[in-house]
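Structural overview
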Amino acid sequence: MTWVKCSCGKQLRLPASLPEKAAMLARHILVPTDGTAQSETATDVAVRLAKALGARVTFLHVCPLFHTYGYLMEMLEEDRATFFQRTEEQAQSYLSVAAQAAKRAGLDCDVVSERDEHPHRAIIKSANARGCDLICMASHGRRGLEGFLLGSETQKVLTHSTIPVLVIPAARA
């Protein structure tokens, strides 16, 4: 095993070398990102895993749909066109950070931005459409009322996906 330092400062332990059979574990990894530190950690893990396995990587950001009754204050203050433009720019920013992590590791990657009311649905649909055989995503560690109200997209992906999911847990303080 070897210790690797992520861009977020955490230390991860990964196999120093993987046997040939391990290359069959994943040939194409989908990595959803929402720009959080937890997503950046999942990105680092996925990039290192893809490099070790010789797998392709696709990064995905799911933008929300515009609703006049939205849960985000920005939806109440913007018109539809402004909201779409701002969220697409935000998505490209998040995806650019992920793509740079892959480039630093010497990997080519794809970046995709989707719009869906339910991020877990877009994640699963995108993974299936692109022939991914692994989804690597962060768990934000929401609990209690926050977890109940916001839900867990990771939990929904785990529940509904037929593709294996590697969950990178949120750091516990």
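See the structure shown above.
A brief structural summary. Positions within a chain are numbered from 1, following the residues in the order the chain's sequence is written. With pLDDT at 70 or above as the cut-off, local features in this predicted model cover only qualifying residues; side-chain atom pairs require 80 or more to be listed or tallied, and sums for whole chains, interfaces and linings still use all residues. Here the side-chain values reflect all heavy atoms present in the structure, with hydrogen atoms and water set aside.

**Regarding the environment of E114**
Each helix corresponds to a stretch of at least 4 residues labelled H or I by DSSP, and each strand to a stretch of at least 2 residues labelled E; elements are numbered beginning at the N terminus. Within the secondary structure, E114 sits in strand 5 (residues 109–115). A 1.4 Å probe rolled over the protein chains alone gives each residue an accessible area, and that area as a share of the maximum for its type sets the label: buried under 20%, exposed over 50%, partly exposed in between. Relative accessible area serves as the criterion here: at 27%, E114 is assigned to the partly exposed category. Sequence separation between E114 and C63 is 51 residues; the distance between their C-alpha atoms is 6.0 Å. The contact criterion used throughout is that any non-hydrogen atoms of two residues lie within 4.5 Å. In contact with E114, not counting residues within four places along its chain, are L60, H61, V62, C63, A122, S126 and R130.

**Let's talk about the nonpolar core**
Buried Ala, Val, Leu, Ile, Met, Phe, Trp, Tyr and Cys residues that are joined via side-chain atoms within 4.5 Å together make up what is termed a nonpolar core. Core analysis: the biggest nonpolar cluster contains 23 residues, and I29, V31, V47, F59 and L107 have the highest contact counts within it. The element best represented in this core is helix 1 (residues 37–53), accounting for seven residues. F59 has contacts with V31, T43, V47, L95, A98, A99, A102, C109, D110, V111 and V112, leaving out every residue within four places of it along the chain. The next biggest cluster of nonpolar side chains, apart from the first, holds 13 residues, and it includes L60, V62, A122 and I135.

**Observations concerning the sheet that holds strand 7 (residues 165–168)**
What makes two strands pair is DSSP finding at least two bridges between them. The five strands lie next to each other as 5-4-3-6-7, forming an open sheet whose pairing is parallel. The strands lining the two open edges of the sheet, one partner per strand, are strand 5 and strand 7. On average, each strand axis in the sheet is tilted by 25° relative to the strand beside it, whichever way the strands run. As paired strands, strand 6 (residues 134–138) and strand 7 are joined by four bridges and run parallel to one another. What sits directly across from M137, in strand 7, is V167. Every angle, taken between N-to-C directions, lies between 0 and 180 degrees, and every axis is a line fitted to C-alpha atoms, over only the stretch in contact when it is a helix. Here helix 3 (residues 80–104) sits on the sheet in contact with strand 4 (56–63) and strand 5, set at roughly 155° to strand 5.

**Remarks on the environment of T36**
Summarising the element assignment, T36 is placed in the loop between strand 3 (28–32) and helix 1. The class for T36 is partly exposed, based on a relative accessible area of 23%. For the pair formed by T36 and A138, sequence separation is 102 residues and the distance between their alpha carbons is 9.2 Å. Any pair of nitrogen or oxygen atoms within 3.5 Å is treated as a polar contact; in protein, a donor-acceptor pairing is required on top of that, and neighbouring residues in sequence qualify only through side-chain atoms on both sides. Among the polar contacts made by the side chain of T36, one reaches the side chain of D34 at a distance of 2.7 Å.

**Some words on the packing of aromatic side chains**
Aromatic rings from Phe, Tyr and Trp, with only the six-membered ring used for Trp, were paired whenever their centres fell within 6.5 Å, and each pair was classed as stacked if the ring planes differed by under 30 degrees, edge-to-face if by over 60, and tilted otherwise. Under the defined criterion, the tally for this structure stands at two aromatic pairs. Measuring from centroid to centroid gives 6.3 Å for F83 and F84, while their planes differ by 50°, and the two rings are tilted. Given a relative accessible area of 0%, F83 falls into the buried group. Pairwise contacts between aromatic rings join F66, F83 and F84 into one cluster.

**Comments concerning the pattern of salt bridges**
We count a salt bridge whenever a side-chain nitrogen from Lys or Arg sits within 4 Å of a carboxyl oxygen from Asp or Glu. This model, assessed by the stated rule, comprises four salt bridges. For R27, the salt bridge goes to D133, with nearest N and O atoms at 3.6 Å. Here D133 lies in the loop between helix 4 (119–129) and strand 6 and R27 lies in the loop between strand 2 (11–14) and strand 3, a separation of 106 residues in the sequence. Owing to a relative accessible area of 49%, R27 belongs among the partly exposed residues under this scheme. A salt bridge links E153 to K156; the shortest N-O distance between them is 3.6 Å. Pair noted here: E153 and K156 are both in helix 6 (residues 153–160), with a separation of three residues, about one helical turn. According to the relative accessible area criterion, E153 is partly exposed, its value standing at 24%.

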